[in-house]
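Observations on the three-dimensional arrangement
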Amino acid sequence: MPTLHRSAAKLADVVPQDKLTSAARQLAKEGIKALDAREYEKASALFNLALKTDINNSYLHFLNGLTYHMRAINGEGSLYPLAQQGYEMAVQFDPSNKVARHYLGLLFIDRREYVMAKGQLMEAALYDKDDTELLYDLAYAAYYAKDPATSLAALQGVLNSPGRTDSPQLYRALAIVAAAAGDDVAARGYLTQLGELSPQSKDLKFAENRVNTW
């Protein structure tokens, strides 16, 4: 299952500092700290205050949406529409804001709206085809949207990405999704590679059973 929460350092990295005014930058910095500490109401107040100083800023809308999203998955389910609105405003003000599209896709996954999730994640991937986390999330959404061909393409993108490392989980997913897509030869090949990485493992036995089922 894709994960939503990232560290403050990683969140800070996705916000171009040159796109924030000095006042908004300081408020955003404090909001990210509060978000990382899971002080969500404080973070919401800070991001909303920052937006009053820079209402058209895509990244502030993203952070505001993310805070509502975190609150929604932690028990305040009525806030999902505000989270969605925040992400959509971020994309409206900057269509190239890949991270806002990515998180909007995660929001749709949380609500099991997999077709919508797949669409947003495919859009995000157009801006960064080597983001392995994004490609994994796209593969997940596409698989549950009953589109194994897109899921397989996303996983093969992970396999071919410059920063990828081999893992049993990757080859297990590749084998299962290739079988679901009707490519038995590829599925068996990925099973062989999984066996070389992790012989006698639960991953291998699970993947073999799923491939045989398909």
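On a predicted model such as this, the values are computed, not experimentally measured, just so you know. (Residues numbered from 1 in each chain as written. Predicted model: local features only at pLDDT ≥ 70, side-chain atom pairs only at ≥ 80, totals over all residues. Heavy atoms only, no water.)

1. Overview of the environment of Y190
Inclusion rule: We count a stretch as a helix when DSSP gives it H or I for four or more residues in a row; a strand needs E for two or more, and each element gets its number in order from the N terminus. Buried residues are those whose accessible area, probed at 1.4 Å on protein chains only, stays under 20% of the maximum for their type, while exposed residues exceed 50% and partly exposed ones sit between those limits. Any two residues having at least one pair of non-hydrogen atoms within 4.5 Å are treated as being in contact.
Note that Y190 resides in helix α11 (residues 184-197). Among the residues examined, Y190 registers a relative accessible area of 10% and is labelled buried. Measuring from C-alpha to C-alpha, the distance between Y190 and F108 comes to 30 Å, with 82 residues separating the pair along the chain. Contact partners of Y190, with chain neighbours within four places excluded, come to L152, Q156, L159, Y171, L174, A175 and A178.

2. Quick word on the side chain of N97
The test is simple: Identification of polar contacts relies on pairs of N or O atoms within 3.5 Å, with a donor-acceptor requirement for protein atoms, meaning one able to donate a hydrogen and the other able to accept it, and with residues adjacent in sequence counted only if both atoms are side-chain atoms.
Here N97 lies in the loop between α5 (80-93) and α6 (98-110). Overall, the relative accessible area of 0% leaves N97 in the buried class. A distance of 2.7 Å separates a polar atom in the side chain of N97 from a polar atom in the side chain of S58. Among residues more than four places away in sequence, those in contact with N97 are S58, Y59, F62 and A90.

3. Some points on the packing of aromatic side chains
Defined as follows: Classification of ring pairs uses Phe, Tyr and Trp, with its six-membered ring standing for Trp, and accepts pairs whose centres are within 6.5 Å; under 30 degrees between planes counts as stacked, over 60 as edge-to-face, and the remaining range as tilted.
Counted by the stated rule, this structure contains 8 aromatic pairs. With a centroid separation of 4.9 Å and 50° between ring planes, the pair formed by Y140 and Y144 is classed as tilted. Here Y140 pairs with Y144, and both are found in helix α8 (residues 132-144), just 4 residues apart, close to one helical turn. In this structure Y144 comes out as partly exposed when scored by relative accessible area, which is 41%.

4. Topic: the nonpolar core
Formally: Take the buried residues of types Ala, Val, Leu, Ile, Met, Phe, Trp, Tyr and Cys, join any two whose side-chain atoms come within 4.5 Å, and each joined set is a nonpolar core.
Within the largest apolar cluster, 67 residues are counted, with the highest numbers of intra-cluster contacts made by F62, L174 and Y190. In terms of residue count, the dominant contributor to this core is helix α10 (residues 168-180) (9 residues).

5. Considerations on the pattern of salt bridges
Quick reminder of the rule: Salt bridge, as applied in this entry: a Lys or Arg side-chain nitrogen positioned within 4 Å of an Asp or Glu carboxyl oxygen.
A complete count under the given rule lists 9 salt bridges for this structure. In this structure, the salt-bridge partner of K98 is D131, at a minimum N-O distance of 2.9 Å. Taken together, the residues K98 in helix α6 and D131 in the loop between α7 (114-127) and α8 connect sequence positions 33 residues apart. For the pair shown, K98 and D131 are each scored as buried. In this structure, the salt-bridge partner of D147 is K118, at a minimum N-O distance of 2.9 Å. Of this pair, D147 sits in the loop between α8 and α9 (148-160) while K118 is found in helix α7, placing the two residues 29 residues apart along the sequence. Beyond isolated ion pairs, a larger network of salt bridges with shared partners links K98, D128 and D131.

These figures capture arrangement, not role.
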